[in-house]
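Here are the chains, one letter per residue:
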Protein chains: 2
Amino acid sequence: MAEPKGPPSSSKIEMKKYSFPVKPIQRLCWTEATADHLMTHEEPVVLTDTDLVQSALHWDLSYLEQNMGPAKHTVYVSKSRYFMYYDERKVNDFPSFKEPMKKREWTFSKFVDEYKSHEGRTDEYLYYQDALTDTVGSGIKHDFVHFNWHWVSERKKRYNWGQLTSNLLLISQPGNITPCHYDEQHNFFCQVRGLKRCLLFAPDQYDKLYPYPVAHPCDRQSQVDFDSPDFERFPKFKEIEGYECILSPGDVLYIPMYWWHTIETSPGELSISITFWYRGGPVPSKITYPLSSQQKVAITRNIEKMLHEALQDHNEVGPLLHMICDGRY
Amino acid sequence: MAEPKGPPSSSKIEMKKYSFPVKPIQRLCWTEATADHLMTHEEPVVLTDTDLVQSALHWDLSYLEQNMGPAKHTVYVSKSRYFMYYDERKVNDFPSFKEPMKKREWTFSKFVDEYKSHEGRTDEYLYYQDALTDTVGSGIKHDFVHFNWHWVSERKKRYNWGQLTSNLLLISQPGNITPCHYDEQHNFFCQVRGLKRCLLFAPDQYDKLYPYPVAHPCDRQSQVDFDSPDFERFPKFKEIEGYECILSPGDVLYIPMYWWHTIETSPGELSISITFWYRGGPVPSKITYPLSSQQKVAITRNIEKMLHEALQDHNEVGPLLHMICDGRY
Ligand SMILES: [Zn+2]
Ligand SMILES: [Zn+2]
């Protein structure tokens, strides 16, 4: 069993400074009982020796350009270092919504060309975010097949997760930031190249992070601007408490479903990461009370969806919720 | 077609004064097109010539005592003139809830004795509220059979209501007040003896009337004390607008489902009334948007019930609703 590598520190690298308290996320060998305990309880942990994507650790732009094949891939283009995800299908319902980034479909070659011409620019940034599919060339296929599928399948079984939905390849310019959001899936976030600083917040911090309404394109994203929080609108953000880690190549961060995360690429160099996304397990047949924060988030999502469905107009959801709440609860 | 009788005025009788604006509820012959129009659109109207309970207009305490039979009946006893309904089944979930009135089961003779001994008392008041059932004697049965069932069944059919659920007999001491609430049924409220002042509020006034949470024993009742409104907690009550009528014997007030009402017995004399409660019609197969206020109230009730069911603790419903609303809607 390898000794866990010492954690890089965010103070040594030029990362964003935030005023809220953070605790370190534990770095552990996956064979440690504590690691298993944490994952069983859906708490984050950095696994240091899984070899999960060992076969991809040699990936760089030039190798990928040679081997990704001729297919087109999704690259986001942003005027800022922030790349806030939004659901395109919900955009038409919000006519005043300004897309925070643009989606491009480029061949990998085109991406590499653009990447090079964007180096040093401060008016536009790029972030490659696309699933690994079978359009890739034989080199990548070989690397993919040699991911530690045995290990990851054992994890899925042990924690009773649902099916693997995708492996995303993420290629980020230095300094890019994915704003704070939660996903409805479990994630093994594997660092391949460069450094990422990950800030995580437990599901019980939901009320301090004020996600957009579920019908909004930015569903699951915090409305709070971490750089300049509006404490009038979001007073509970003052009480936010997080967890932090720096991922270097070979590290695997387990991001549990419903855990909030904002992820920043170190300003020094390009970052490459690969995700393993798994659906949550089946709803337990015997529900115990009080419910977990995760279950409460799931309930709030269902309530918002039902109201939207019943009213057929997202503008009416708020007034109806206030009709239920105001002066009554 | 009889000419409608002129409306008694609340200013002529000693009734409570309120500061909010009220419009008169129209008094109409049931054959008037306007009456039909109002009822079709679930708006209140006083029908002056239905003969619906003509056969009961001779009822008084002495006749009822002779003819109600030996069964026991529900009489509410209150320390004040207010008789706020509460759901006994929900009381155990609210340990600090103080029952606003006590329920007694008395023979009609016992009620009459108590009624007489309560006359002039200012420390305790009585309100008889029980369904007319087949335990009644032959005199009452005869009167009941001669209610204008043909007329009322025609109304039910025309307005596509559900089944008749009960006929309540209400016998009130002078000055008793039923605080503001709504029912989930349509009601023909028939005045038999004495005067009642009825204040009604449309379903779109819901947000100004702040009903108790659905899980609370006082579900469907306004939390607002009309005599001394707490405008800090209930600011929108300042904007309340109502409708008013005075019912005298022979008048039938149609109280549409979900319309709020507070009903006051004139201080001058005992009041006897009979209600005809009908379930609402089936949900329309084709729903049109925007929804009516009634449909929105139905939705809010379902949301509150679902949350209560999901959380299994009424104390958790409020925090979860605030988690959905605060800073988000
Ligand atoms: Zn994510
Ligand atoms: Zn009522």
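Nothing here was measured: the structure is a model prediction, and the numbers come from that model.

### Some words on the coordination of the zinc ion (ligand 1)
Around a metal, the idealised angle for a tetrahedral arrangement of four donor atoms is 109.5 degrees; for an octahedral arrangement of six donor atoms it is 90 or 180 degrees.
Residues and elements named next belong to chain A.
Turning to step 1, where the next piece is worked out: Taken together, H181 (NE2), D183 (OD) and H261 (NE2) make up the protein donors of the zinc ion (ligand 1), found 2.0 to 2.1 Å from the metal.
Turning to step 2, where the next piece is worked out: All donors to the zinc ion (ligand 1) come from one chain, and their sequence spacing reads H-x1-D-x77-H. Note that D183 is positioned in the loop between strand 8 (177-182) and strand 9 (185-193) and H261 in strand 13 (residues 260-265), a separation of 78 residues in sequence.
Turning to step 3, where the next piece is worked out: Here D183 falls in the buried class, since its relative accessible area comes to 11%.

### Notes on the coordination of the zinc ion (ligand 2)
Residue and element names in this part refer to chain B.
Turning to step 1, where the next piece is worked out: Donor atoms from the polypeptide that bind the zinc ion (ligand 2) are H181 (NE2), D183 (OD) and H261 (NE2), placed at 2.0 to 2.1 Å.
Turning to step 2, where the next piece is worked out: Every donor residue of the zinc ion (ligand 2) comes from the same chain, spaced as H-x1-D-x77-H. One end of the pair, H181, is in strand 8 (residues 177-182); the other, H261, is in strand 13 (residues 260-265), and 80 residues separate them in sequence. Take H181 and H261: they sit in the same class, and that class is buried.

### Overview of the packing of helix 8 (residues 314-325) of chain A against helix 8 (residues 293-311) of chain B
Turning to step 1, where the next piece is worked out: Their axes nearest at 10 Å, the elements helix 8 of chain A and helix 8 of chain B cross at an angle of 65°. Here helix 8 of chain A lies roughly perpendicular to helix 8 of chain B, going by the angle between them. Judged by the twist between their axes, the crossing of helix 8 of chain A over helix 8 of chain B is right-handed. Along the contact surface, helix 8 of chain A presents A:E316, A:L320, A:M323 and A:I324, while helix 8 of chain B presents B:K296, B:V297, B:I299, B:T300, B:I303 and B:E304.

### Concerning the relation of the copies chain A and chain B
Turning to step 1, where the next piece is worked out: By a simple turn and slide, chain A fits onto chain B: the slide is 0.0 Å along the axis, the RMSD is 0.0 Å, and the turn is 180°. Viewed as a symmetry operation, the transformation between the two copies matches a two-fold axis. Rotation axis and chain A: the residue whose C-alpha lies nearest the axis is A:I303, separated from it by 3.6 Å.
Turning to step 2, where the next piece is worked out: Here 100% of the interface residues in chain A have copies in chain B that are interface residues too; the copies meet face to matching face.

### Side note on the packing of helix 7 (residues 293-311) of chain A against helix 8 of chain B
Turning to step 1, where the next piece is worked out: Where helix 7 of chain A contacts helix 8 of chain B, the axes come no closer than 11 Å and their chain directions differ by 165°. As the angle between them shows, helix 7 of chain A and helix 8 of chain B are arranged roughly antiparallel. For the pair helix 7 of chain A and helix 8 of chain B, the sense of crossing is right-handed. Across the interface between the two elements, A:K296, A:I299, A:I303, A:M306, A:L307, A:A310 and A:L311 from helix 7 of chain A touch B:K296, B:I299, B:I303, B:M306, B:L307, B:A310 and B:L311 from helix 8 of chain B.
Turning to step 2, where the next piece is worked out: The residue makeup of the contact of helix 7 of chain A with helix 8 of chain B, split by class, is 12 nonpolar, no polar and two charged.

### Re the interface of chain A and chain B
Turning to step 1, where the next piece is worked out: Opposite the 37 residues of chain A that make contact, chain B presents 37 residues.
Turning to step 2, where the next piece is worked out: Three residues stand out in chain A for area buried against chain B, namely A:M323, A:R328 and A:Y329, and they jointly supply 23% of the buried area on that side.
Turning to step 3, where the next piece is worked out: For the pair chain A and chain B, the interface holds four salt bridges.
Turning to step 4, where the next piece is worked out: Residue A:K296 is joined to B:E316 by a salt bridge in which the shortest nitrogen-to-oxygen separation is 2.8 Å.
Turning to step 5, where the next piece is worked out: Our count for the chain A to chain B interface comes out at 16 residue pairs in polar contact (both at pLDDT 80 or more).
Turning to step 6, where the next piece is worked out: Listed by contribution, the elements that provide at least two residues to the side of chain A that touches chain B are helix 7 and helix 8 of chain A.
Turning to step 7, where the next piece is worked out: The element that contributes the greatest number of residues to the side of chain A that touches chain B is helix 7 of chain A, accounting for 11 residues.
Turning to step 8, where the next piece is worked out: Of the residues that constitute the side of chain A that touches chain B, the class distribution is 24 nonpolar, six polar and seven charged.

### Here we look at the domain arrangement of chain A
Residue and element names in this part refer to chain A.
Turning to step 1, where the next piece is worked out: For chain A, the domain assignment lists domain 1 (19-278) and domain 2 (293-325).
Turning to step 2, where the next piece is worked out: Inter-centroid distance (C-alpha atoms) of domain 1 to domain 2 is 28 Å.
Turning to step 3, where the next piece is worked out: Contacts between domain 1 and domain 2 engage 16 residues on the former and 10 residues on the latter.
Turning to step 4, where the next piece is worked out: Of all residues in domain 1, Y206, V214 and Y258 bury the most surface against domain 2, accounting for 44% of the area lost on that side.

What counts and how
Every chain is numbered on its own, with residues counted from 1 as its sequence reads. Lettering for chains starts from A, numbering for ligands starts from 1, and both go in the order in which the items are written. Totals for whole chains, interfaces and linings use every residue, but because this is a predicted model, local features are given only for residues with pLDDT of at least 70 and side-chain atom pairs only at 80 or more, for both listing and counting. Each side-chain value is derived from all of the structure's non-hydrogen atoms; neither hydrogens nor water enter the calculation. For Na, K and Ca the donor cutoff is 3.2 Å, while for all other metals N, O and S atoms count as donors only within 2.8 Å; water does not appear among the atoms, so some sites may look incomplete. Under the scheme used here, helices are H or I runs from DSSP no shorter than 4 residues and strands are E runs no shorter than 2 residues, and both carry numbers assigned from the N terminus. Working definition: with a 1.4 Å probe on protein chains only, accessible area under 20% of the residue-type maximum means buried, over 50% means exposed, and in between means partly exposed. Helix axes are fitted to C-alpha atoms over the stretch in contact, other axes to C-alpha atoms as well, and angles between N-to-C directions run from 0 to 180 degrees. Roughly parallel means an angle under 35 degrees; roughly antiparallel, over 145; roughly perpendicular, 65 to 115; everything else is oblique. The hand of a helix crossing depends on one turn: near helix anticlockwise from the far one by less than a right angle means left-handed, and clockwise means right-handed. By definition in these notes, contact holds between two residues if any of their heavy atoms fall within 4.5 Å. When the copies are superposed, the least-squares fit draws on C-alpha atoms of residues that have pLDDT of at least 70 in both. Following the grouping adopted for this structure description, the nonpolar residues are Ala, Val, Leu, Ile, Met, Phe, Trp, Tyr, Cys and Pro, the charged ones are Asp, Glu, Lys and Arg, and the polar ones are all others, Gly among them. A simple way to read buried area is as the amount of 1.4 Å-probe accessible surface that goes missing from two parts once joined, with both sides added. The rule for a salt bridge is simple: a side-chain nitrogen of Lys or Arg has to be within 4 Å of a carboxyl oxygen of Asp or Glu. Within 3.5 Å is the distance limit for a polar contact, defined as a pair of N or O atoms, with the added protein rule that one can donate a hydrogen and the other accept it, and that residues adjacent in sequence qualify only through two side-chain atoms. Segmentation into domains, and thus their bounds, comes from an automatic or database assignment.

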